[in-house]
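Observations on the model geometry
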Amino acid sequence: MLMPKNFKFPKMHRGRMRGKALRGAEVQFGDYGLQALEPGLITARQIEAARRAIVREARRRGKVWIRVFPDKPITKRAAETRMGKGKGSVEFHAAVIKPGRVMFEVAGMPEDVALTALTLARHKLSMRTKIIRRTEYLSE
């Protein structure tokens with residue numbers, strides 16, 4: 001599973017997920033991408049489950065890019081503990097996703113296989129997404 005190798009501060013504030021994704025909102029590497037439509041957190045387990053779904057459907061054809069990384073530690077207090085006594089221990093790591101962010105990209109496989117693979121990956125994630133196609137830019 002994905003998680004940071006080392007970190008300066010082991011616990012983090014929750015923060016707010018406001019606005020749209022400024023970076024990573026277009027397909028850069030592959031031909032098709034999976035784009036988020038709403039803000040939220042994606043856990044490392046969800047990323048891995050989606051990756052496995054794509055790789056299984058692709059059957060060793062093509063290439064997969066994961067464009068998000070779970071670098072935010074999410075903490076949780078033990079059940080039935082009283083208030084106070086500090087912040088809970090780190091339970092898992094998650095990636096903060098803003099609307100417009102491209103999370104996965106695929107290339108080098110037939111169109112129907114790519115769309116099926118990304119559809120399977122959509123079902124593993126906890127937010128609404130859409131499949132987008134790469135737009136070729138005209139060089140002037």
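Up top is the structure these notes are about.
To start, this report covers the structure provided alongside it.

Quick word on helix H1 (residues 44-58)
Taking 1.5 Å as the rise per residue, H1 with 15 residues should run 21 Å; its terminal C-alpha atoms sit 21 Å apart, in good agreement. Packing partners of the buried residues in H1 comprise strand E2 (40-43), strand E3 (63-66), strand E5 (89-97), strand E6 (102-107) and helix H2 (111-122). Arginine 59 occupies a position one or two residues after H1 and carries a positive phi of about 50°.

Describing the packing of H1 against H2
Packing of H1 against H2 brings their axes to within 8 Å, and their N-to-C directions diverge by 155°. Here H2 runs roughly antiparallel to H1, going by the angle between their axes. Crossing of H1 over H2 shows right-handed handedness. From H1, Ala50, Ala53, Ile54, Glu57 and Ala58 reach across to H2, where they touch Val113, Thr116, Ala117, Leu118, Leu120 and Ala121. Classifying every residue of the contact of H1 with H2 by side-chain character gives nine nonpolar, one polar and one charged.

Parameters at a glance
Residues numbered from 1 in each chain as written. Predicted model: local features only at pLDDT ≥ 70, side-chain atom pairs only at ≥ 80, totals over all residues. Heavy atoms only, no water. Helix = DSSP H or I, 4+ residues; strand = E, 2+ residues; numbered from the N terminus. Expected span 1.5 Å × (residues − 1). Contact = heavy atoms within 4.5 Å. Axes fitted to C-alpha atoms, helices over the stretch in contact; angles between N-to-C directions. Parallel < 35°, antiparallel > 145°, perpendicular 65-115°, else oblique. Left-handed = near helix turned anticlockwise from the far one by under 90°. Nonpolar A, V, L, I, M, F, W, Y, C, P; charged D, E, K, R; others polar.

In short, the description is geometric, and any link to function would need to be established separately.
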